[in-house]
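Observations on the model geometry
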Amino acid sequence: GSQRLINTAIEAFGGLHVLVNNAGILRDRVLVNMTEDEWDAVVAVHLKGHFAPTRHAAAYWRERSKAGEEVRGRVVNTSSPSGVFGNVGQANYGAAKAGIAGFTIIVAQELQRYGVTVNCLAPNARTRMTEEMFEMSAPPEGFDPLDPANVSAVVVALCADEAQGITGQVIHVWGGSVNVLRGWSADELLAAPDGWDPDALLGELLERFPDGASPPGMLAGMQSAGGRSLQDAG
């Protein structure tokens, strides 16, 4: 089905320039109540739904590149604040969206040689799906930070010819705040030249984190990236 999708675009327009992967469903439930079907459905739509069309688009661009053509292909994937910051009740959705961010970084490295950039958005916007989760009504006047058009502007910028050198990035979007994220970067280093004894390592961890260490959560993550809380937005 994904190959037919790519072929249809090529037949209709004479080539393929941009692929935007943006399809999603929700099956929210805390982990202990989540069924296998609820896990599988979300992973299939989000994660495999990104893999399949990207795989066939990549094959097309590789063929063009090997034929000596100058390729300026673009892939824009869709993660989520739930995937990059985490959110309670969305283990299936957040894991799939985190997988999409990782998929983006790896595929960007693989396809760069063919002239293809691969980037990923973690957007906040008003859609049919998000309206079911939160109160996200539009303001009566003025700038609307949750207008999907704010996200579209980032997609257009990333797909410009001049953006050829920007690839493998995961970008949080909230209104006019566009934050290029740096996930899983090096932070606290605990080094032992001859290896760690478990008790010594535990002691070092407790010294480094006297108040414990835990994820701040999605709302705190979005705020640190320049966004506002959903309560404020509503």
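First, a word on scope: everything that follows refers to the structure included in this document. (Residues numbered from 1 in each chain as written. Predicted model: local features only at pLDDT ≥ 70, side-chain atom pairs only at ≥ 80, totals over all residues. Heavy atoms only, no water.)

Now for the nonpolar core. Residues Trp-61, Leu-111, Val-116 and Val-118 are the most contacted members of the largest nonpolar core, which totals 16 residues. Of all the secondary-structure elements, those providing two or more residues to this core are α2 (36-66), α4 (91-111) and β3 (116-123). Once residues lying within four places of it in the same chain are set aside, the contact partners of Val-116 are Trp-61, Val-71, Gly-73, Arg-74, Val-75, Leu-111, Gln-164 and Thr-167. Counting residues in hydrophobic clusters, the runner-up holds eleven residues, among them Phe-85, Ala-101, Leu-146 and Met-222. (Core = buried A, V, L, I, M, F, W, Y, C linked by side-chain atoms within 4.5 Å. Buried < 20%, exposed > 50% of the residue type's maximum accessible area, 1.4 Å probe, protein only. Helix = DSSP H or I, 4+ residues; strand = E, 2+ residues; numbered from the N terminus. Contact = heavy atoms within 4.5 Å.)

Using the criterion set out here, one finds seven salt bridges in the structure. With a closest N to O distance of 3.4 Å, Glu-63 and Arg-64 form a salt bridge. Measuring nitrogen to oxygen at the nearest pair gives 2.6 Å for the salt bridge that ties Arg-208 to Glu-188. Residue Arg-208 is found in helix α7 (residues 198-208), and its partner Glu-188 is found in the loop between β5 (177-180) and α7; the two are separated by 20 residues along the sequence. Given a relative accessible area of 32%, Arg-208 falls into the partly exposed group. One network of salt bridges, in which partners are shared, links Glu-63, Arg-64 and Glu-69. (Salt bridge = Lys/Arg side-chain N within 4 Å of Asp/Glu carboxyl O.)

This part is about α4. Note that an α-helix has 3.6 residues per turn; residues three or four places apart therefore point the same way. The terminal C-alpha atoms of α4 lie 30 Å apart, and with 21 residues this matches the ideal 30 Å at 1.5 Å per residue to within 8%. Those residues of α4 lying buried are Asn-92, Tyr-93, Gly-94, Ala-96, Lys-97, Ile-100, Ala-101, Phe-103, Thr-104, Val-107, Ala-108 and Leu-111. (Expected span 1.5 Å × (residues − 1).)

Checked against the element boundaries, Gln-90 lands in the loop between α3 (81-85) and α4. We classify Gln-90 as buried; its relative accessible area is 4%. Looking at Gln-90, its side chain comes within polar contact range of the side chain of Ser-82, at 2.9 Å. (Polar contact = N/O pair within 3.5 Å; in protein donor to acceptor, adjacent residues only side chain to side chain.)

Our focus in this paragraph is the pairing of strand β4 (residues 170-174). Most of β4 is tucked away: five of the five residues are buried. On β4, burial covers both faces: Val-170, His-172 and Trp-174 on one face and Ile-171 and Val-173 on the other are all buried. The pairing of β3 with β4 spans four bridges and is parallel. If you follow Pro-123 over to β4, its bridge partner there is Val-173. (Pairing = 2+ DSSP bridges.)

Attention now goes to the environment of Ala-108. By the element assignment, Ala-108 lies in helix α4. By relative accessible area, Ala-108 is classed as buried at 2%. Spatially, the C-alpha atoms of Ala-108 and Ala-52 are 15 Å apart, while their sequence positions differ by 56 residues. If we skip the residues at most four places from it in the chain, Ala-108 touches Val-118, Thr-167 and Gly-168.

Using the criterion set out here, one finds zero disulfides in the structure. The thiol of Cys-120 is unpaired, and the distance to the nearest cysteine sulfur, on Cys-159, comes to 13 Å. What makes Cys-120 buried here is its relative accessible area of 0%. (Disulfide = S-S within 2.5 Å.)

Geometric descriptors of this kind do not, in isolation, establish any biological role.
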